[in-house]
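Residue-level listing of the chains:
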Amino acid sequence: MPEIDQKLPGGGLPLGALHEVAGGGDDAVNAAVAARFSAGLAALTGGQVLWIAKKADLFAPSLQQAGLPPTRVVFVEVESDADGLACFEEGLRHGGLSAVVAEVGRLTMTASRRLQLAAESGGALGIAIRRWPRLANGADFGQPTASSTRWRVSALPSAELPVQGVGQSRWLLELIRTRAGESGVFEVEAGDGPAGLRIAGAPPPSTHRIGMVAALGY
């Protein structure tokens, strides 16, 4: 998706780096949207993925719809942020994984620097899905970290159809921060083709180009 990729240095998300993703609210719908976005990014890396979760609410069939089948994923359930960060760092340093996804609440500058260095060492795509037990804790998302990019994904109502039925899934995708790049806000929806989505309201393109952020899609 050129509209999104052009905002990122190098035309896509860098591997060997840490990225943050959060839902636009603390409800289950926005948490699911953030997980789907992360799954789509991890799927595009092509290799084995380590997924670290704190809550037993991950729906594996939905990950497969995003292009990430169970055969490519090792699931780990942890009880605390400390355990999750330790597994996150070990996974990033492993060297045999293409992506490591972890649910993280509080993320300090020190912890994020360790994760960034681990990602650089192992070469994997690191994705921290920010989830908090209470909405008030979400203010931590505005604190500085060493992450290369920071995203917020929110569910939007589907576009109305001329007939009865459910329209294409639609999201508000916010690129809040990127190193040496530009921030941006995009309204995207599920679409046909390898990219799996398009800018909302845009006609289907005759040709498709896949960037690292072209990973959403139900």
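What counts, and at which threshold
- Residues numbered from 1 in each chain as written.
- Predicted model: local features only at pLDDT ≥ 70, side-chain atom pairs only at ≥ 80, totals over all residues.
- Heavy atoms only, no water.
- Helix = DSSP H or I, 4+ residues; strand = E, 2+ residues; numbered from the N terminus.
- Buried < 20%, exposed > 50% of the residue type's maximum accessible area, 1.4 Å probe, protein only.
- Contact = heavy atoms within 4.5 Å.
- Areas by Shrake-Rupley, 256 points an atom, 1.4 Å probe, with all protein chains shown as cover.
- Pairing = 2+ DSSP bridges.
- 1 Å grid on protein atoms, 1.4 Å probe; cavity = no way out; pocket = protein on both sides within 12 Å on 5 of 7 lines; lining within 4 Å.
- Points joined across faces, edges and corners; volume = space filled by probe spheres on them.
- Nonpolar A, V, L, I, M, F, W, Y, C, P; charged D, E, K, R; others polar.
- Salt bridge = Lys/Arg side-chain N within 4 Å of Asp/Glu carboxyl O.
- Expected span 1.5 Å × (residues − 1).
- Arc of directions from axis to C-beta.
- pLDDT = per-residue confidence, 0-100.

So, on to the overall build of the protein chain. In terms of regular secondary structure, the protein chain is built from 5 helices and 9 strands. From first element to last, N terminus to C terminus, the protein chain shows the α and β order α-β-α-β-α-β-α-β-α-β-β-β-β-β. Across the 218 residues of the protein chain, 49% fall into the buried class. The contacts of the protein chain with a sequence gap of at least 6 include a subset with a gap of at least 24, amounting to 68%. Only carbon and sulfur atoms are counted for the fraction: they give 54% of the accessible area of the protein chain, which is about 10,300 Å².

Burial of strand S2 (residues 49-53) is extensive: 5 of the 5 residues sit out of reach of the surface. As judged from the 5 bridges shared by S2 and strand S3 (residues 73-77), these two strands associate in the parallel manner. Note that in S3 the partner of Leu50 across the bridge is Val74. As paired strands, S2 and strand S4 (residues 99-104) are joined by 4 bridges and run parallel to one another. When the bridges of S4 are listed, Trp51 appears paired with Val101.

All right, on to the layout of surface pockets then. Over the atoms rolls a probe the size of a water molecule, and in doing so it shows where empty space is left. Counted as a void, the second largest pocket has a volume near 230 Å³. Looking at the second largest pocket, it is lined by 14 residues, and the ones nearest its centre are Ala31, Ala32, Ala35, Asp57 and Leu58. Elements represented by at least two residues in the lining of the second largest pocket include exactly helix H2 (28-44) and helix H3 (60-65). With 5 residues, the single largest contributor to the lining of the second largest pocket is H2. The residue makeup of the lining of the second largest pocket, split by class, is 9 nonpolar, 1 polar and 4 charged.

Inspection of every chain in the model, using the stated rule, returns 11 salt bridges. Across the pair Arg93 and Glu89 runs a salt bridge whose closest N-O atoms are separated by 3.4 Å. Residue Arg93 and its partner Glu89 are both found in helix H4 (residues 81-94); the two are separated by 4 residues, about one turn of the helix. The class for Glu89 is buried, based on a relative accessible area of 13%. Glu174 is the salt-bridge partner of Arg152, the closest N and O atoms lying 3.0 Å from each other. Pair noted here: Arg152 is in strand S6 (residues 149-156) and Glu174 is in strand S7 (residues 170-178), with a separation of 22 residues, a long-range link. Looking at Glu174, the relative accessible area reads 16%, which means it is buried. Each of Glu20, Arg130 and Arg150 takes part in a single network of salt bridges with overlapping partners.

As a further point, take H4. When the terminal C-alpha atoms of H4 are compared, their 20 Å separation across 14 residues agrees well with the 20 Å that a helix rising 1.5 Å per residue should span. All buried positions along H4 are accounted for by Gly84, Leu85, Phe88, Glu89, Gly91 and Leu92. With its buried residues spanning 165° around the axis, H4 presents them on a single face. Residues Ala82, Glu90 and His94 are exposed on H4 and point more than 90 degrees away from its buried face. Its buried side turned inward, H4 meets strand S1 (17-23), S2, S4, helix H5 (109-122) and strand S5 (125-130). Downstream of H4 by a residue or two, Gly95 has a phi angle that is positive, lying close to 90°.

The next subject is the confidence of the model for the protein chain. This prediction gives the protein chain a mean pLDDT of 83; 85% of its residues lie at or above 70. Low pLDDT, under 50, characterises residues 205-218; the stretch is placed with 55 contacts to residues that sit more than four places away or in other chains.

For the rest of this paragraph, the subject is the pairing of S7. In this structure, S6 lies alongside S7, joined through 8 bridges in antiparallel fashion. The partner of Leu156 across the bridge, within S7, is Arg170. Here S7 pairs with strand S8 (residues 184-190) via 6 bridges, running antiparallel. Across the sheet, Leu172 pairs through a bridge with Glu187, a residue of S8. With antiparallel pairing between neighbouring strands as the criterion, S7 and S8 make up a hairpin whose turn holds 5 residues, including Ala180 at a positive phi of roughly 55°.

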